[in-house]
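Observations on the three-dimensional arrangement
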Amino acid sequence: MSAFLYIWNPNKWNWSDLQDAIYRVNNNEQYDSGWSCGNTKRIKIGDIFFLMRLGLEPKGIIGCGYVLSNPEIGDPWDDQKKSAIYTDILFKALSEEPIFSLSYLQNNHPTFSWTPQSSGISIPNQIAEELFLLIQNNLKFSFQPLEEQSIKEYAEGRPKIVTNKTYDRSSAARQDCIEYYGYSCRVCGFNFEEKYGAFGMQYIEVHHLKQMSDINNEYSINPIRDLRPVCANCHRMLHKTRPPLSIEELKKHLI
């Protein structure tokens, strides 16, 4: 396996479902997303990635995991580019605060450039292996490494969800839903930031109005029509029955 550095700049792209992503990864749930890999086309399924937060403090590596797809051209992630090259990536560790600060990386590995302009920079194997092992042994982020064959089987077997942006990344649909409806529960109105302050800022779960388990083939998600932001309690209540209650049905149970 090779290793590559991916970049996230909060000043250029708002990661709307970051808090939900951190929750999923911390609770051993699967979280994968499409991510621009710059102009690099030599990345392969099973390669390792590290995600570097730049542009806004605190800077440093905030996540790592495995690449799930070969590079492919998709829609631009900003308004300035005609197109972009993406890979799907599976997170195994993710944090709001850097796991390795930029200063730590520059002090311990000064020969490598940790502030590139774009994603897809190859990381020397010795550096990548050291960082990956440190994360695995860190009780806050520890995870079992995946064999290359397991990664390929997961990549081939996972459900494909086609969003209205025409690429199969469910995280993009969740983000579009949140950006449209906001971070308040559509059932009870609960807002995590109002209750927990900065600790709950920008956190909300997203509910599929159409059950994922009932969908066997590719289908087109419209984030505004098919998804709704809900709090954790209401999300559980919606799924208390099979099929799940509708938003309107659950509202009738509020007291």
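Residues numbered from 1 in each chain as written. Predicted model: local features only at pLDDT ≥ 70, side-chain atom pairs only at ≥ 80, totals over all residues. Heavy atoms only, no water.

Overview of the overall build of the protein
Of regular secondary structure, the protein possesses nine helices and 12 strands. Counting all 255 residues of the protein, 50% fall into the buried class. When the accessible surface of the protein is totalled, it reaches about 13800 Å², and 47% of it is carbon and sulfur. (Helix = DSSP H or I, 4+ residues; strand = E, 2+ residues; numbered from the N terminus. Buried < 20%, exposed > 50% of the residue type's maximum accessible area, 1.4 Å probe, protein only. Areas by Shrake-Rupley, 256 points an atom, 1.4 Å probe, with all protein chains shown as cover.)

Regarding the packing of aromatic side chains
For the structure shown, the criterion picks out 19 aromatic pairs. Note on F132 and F143: the rings are 5.4 Å apart at their centroids and 75° apart in plane angle, and the pair reads as edge-to-face. Here F143 lies in the loop between α3 (125-137) and α4 (148-157) and F132 lies in helix α3, a separation of 11 residues in the sequence. Judged by centre distance (4.8 Å) and plane angle (80°), the rings of Y180 and Y181 are edge-to-face. Take Y180: its relative accessible area is 55%, and that puts it in the exposed class. (Phe/Tyr/Trp six-rings, centres within 6.5 Å; stacked < 30°, edge-to-face > 60°.)

Some words on the pairing of strand β1 (residues 3-8)
Counting buried positions over the six residues of β1 gives six, a clear majority of the element. In β1, alternate side chains face the same way, and those of A3, L5 and I7 on one face and F4, Y6 and W8 on the other are all buried. By the bridge criterion, six bridges tie β1 to strand β3 (residues 48-53) in an arrangement that is parallel. Along β3, the bridge assignment pairs F4 with F49. (Pairing = 2+ DSSP bridges.)

A closer look at the nonpolar core
One finds F50, M52, W114 and I135 to be the most contacted residues of the largest nonpolar core, which totals 29 residues. With five residues, the top contributor of residues to this core is α3. Setting aside residues no more than four positions away along its own chain, F50 makes contact with A3, F4, L5, Y6, I61, G63, C64, I123, A128, L131, F132 and I135. (Core = buried A, V, L, I, M, F, W, Y, C linked by side-chain atoms within 4.5 Å. Contact = heavy atoms within 4.5 Å.)

Brief notes about the environment of N9
Assignment of secondary structure puts N9 in the loop between β1 and α1 (18-26). Classification of N9 as buried rests on a relative accessible area of 19%. Separated by 47 residues in sequence, N9 and L56 place their C-alpha atoms 6.9 Å apart. Here N9 is in contact with L54 and G55, once residues within four sequence places are set aside. Within the structure, N9 has its side chain in polar contact with the backbone nitrogen of N11 (distance 2.9 Å). (Polar contact = N/O pair within 3.5 Å; in protein donor to acceptor, adjacent residues only side chain to side chain.)

What to know about α1
Those residues of α1 lying buried are L18, Q19, D20, A21, I22 and V25. Residue N28 follows α1 closely and has a positive phi angle near 60°.

Section: the confidence of the model for the protein
Residue-level pLDDT values for the protein average 88, and 88% of them are 70 or greater. Within the model, pLDDT remains below 50 along residues 163-169, and this stretch shows 25 contacts once partners closer than five positions in the same chain are excluded. (pLDDT = per-residue confidence, 0-100.)

Remarks on the side chain of R228
Relative to the helices and strands, R228 resides in strand β12 (residues 227-230). Within the structure, the side chain of R228 is placed 3.4 Å from the backbone oxygen of R225, a separation counted as a polar contact. Not counting chain neighbours up to four residues away, the residues in contact with R228 comprise C177, Y181, R186, E205, V206, H207, L209 and I247.

Remarks on the environment of P10
Counting through the fold element by element, P10 comes out in the loop between β1 and α1. Measuring from C-alpha to C-alpha, the distance between P10 and L54 comes to 7.5 Å, with 44 residues separating the pair along the chain. In this structure, P10 is in contact with R53, L54 and L56, ignoring residues within four places of it in sequence.

Re α3
Taking 1.5 Å as the rise per residue, α3 with 13 residues should run 18 Å; its terminal C-alpha atoms sit 18 Å apart, in good agreement. Among the residues of α3, I127, A128, L131, F132, I135 and Q136 are the ones counted as buried. Along the axis of α3, the buried residues cluster in a sector spanning 160°; they form a single face. Structural note: α3 exposes Q126, E129 and N137 on the side pointing more than 90 degrees away from its buried face. (Expected span 1.5 Å × (residues − 1). Arc of directions from axis to C-beta.)

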